[in-house]
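# Coordinates in review
Letter by letter, the chains look like this.
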Amino acid sequence: TGGEGHWLFEPQSTNLITYSEDFSQHSILGGTITSDDIVSSDGGINADTFVEDTANSQHRIREDINVTAGTHTMSCFIKGTDRFIGFYPQGAGTAFAVFDIANSTITSTGGSNYVDSDIQNYGNGWFKCILTYTVSTGTSALHIYLSNLSTGAAPTYTGNGSEMSFYGLQLEALSYATSYIPTNGSQITRLADAAFGAGSSD
């Protein structure tokens, strides 16, 4: 910034998703998951691919999470250009955002609990999609929908075998997305970054 180097310090945060990379652990409708199918945004062969079936149905990944009241941010790394992607949490709060991965844009947003959304280019065809929304205490059903419409957060359509790849699903009780916190069977907390003696010659 302005020619000066800066450090990014992050607060403590918890990934409330217990399986952030193994999408076979989530509820799947209208397709199948191929685990560890392609190279992810971190360089390992650990991204899963969702292959939609040819049924006239919704085609989605779902995870139910117990949450407390407040602002939450959902994020995921996504690759593929055959479909739009809809983030659509329900239950404890209703909000949605539709992402056009092919053009790196957000095509539609809404819902009474919607706060903000973003899409970030991580290179090699990977994009980090982000949705921030408010919830009340209870169970929030997180949905990631493949969509054939730029405005369709949760559409029903006849699939054609399109593929989209996913990596690093995260839900945080924050008003923005922090860096990725991997999980494998339990929620994981990353402690806050800290600096001591900042500004001194040491």
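For the structure itself, consult the block above.
In short, a report on the structure. (Residues numbered from 1 in each chain as written. Predicted model: local features only at pLDDT ≥ 70, side-chain atom pairs only at ≥ 80, totals over all residues. Heavy atoms only, no water.)

## Details of the side chain of Thr132
- Structurally, Thr132 is set in strand β13 (residues 126-135).
- For Thr132, a relative accessible area of 3% corresponds to the buried category.
- Setting aside chain neighbours within four positions, we find Thr132 in contact with Thr71, His72, Thr73, Asn113, Tyr114, Val115, Asp116, Leu174, Ser175 and Tyr176. (Helix = DSSP H or I, 4+ residues; strand = E, 2+ residues; numbered from the N terminus. Buried < 20%, exposed > 50% of the residue type's maximum accessible area, 1.4 Å probe, protein only. Contact = heavy atoms within 4.5 Å.)

## Some remarks on the pattern of salt bridges
- Counted by the stated rule, this structure contains three salt bridges.
- Glu10 serves as the salt-bridge partner of Arg190, at 3.6 Å between the closest nitrogen and oxygen. Of this pair, Arg190 sits in strand β17 (residues 188-190) while Glu10 sits in the segment before β1 (13-15), and the two are 180 residues apart along the sequence. Pair check on accessibility: Arg190 and Glu10 agree, each one buried.
- Arg83 is the salt-bridge partner of Glu52, the closest N and O atoms lying 2.8 Å from each other. Note that Glu52 is positioned in strand β4 (residues 47-52) and Arg83 in the loop between β7 (70-79) and β8 (84-87), a separation of 31 residues in sequence. Grouping residues by exposure puts Glu52 and Arg83 together as buried. (Salt bridge = Lys/Arg side-chain N within 4 Å of Asp/Glu carboxyl O.)

## Side note on the environment of Ser136
- Residue position: Ser136 is located in the loop between β13 and β14 (138-147).
- By relative accessible area, Ser136 is classed as partly exposed at 40%.
- A C-alpha to C-alpha distance of 25 Å links Ser136 and Pro155, two positions 19 residues apart in sequence.

## Re the pairing of β4
- For β4, a buried count of five out of six residues is recorded, marking the element as mostly surrounded by other parts of the structure.
- With five bridges joining them, strand β3 (residues 31-38) and β4 adopt antiparallel strand pairing. Considered in β4, the bridge of Ile33 is made with Phe50.
- Bridge count between β4 and strand β16 (residues 163-172): four bridges; the pairing is antiparallel. Its bridge partner lying in β16, Val51 is registered against Glu163. (Pairing = 2+ DSSP bridges.)

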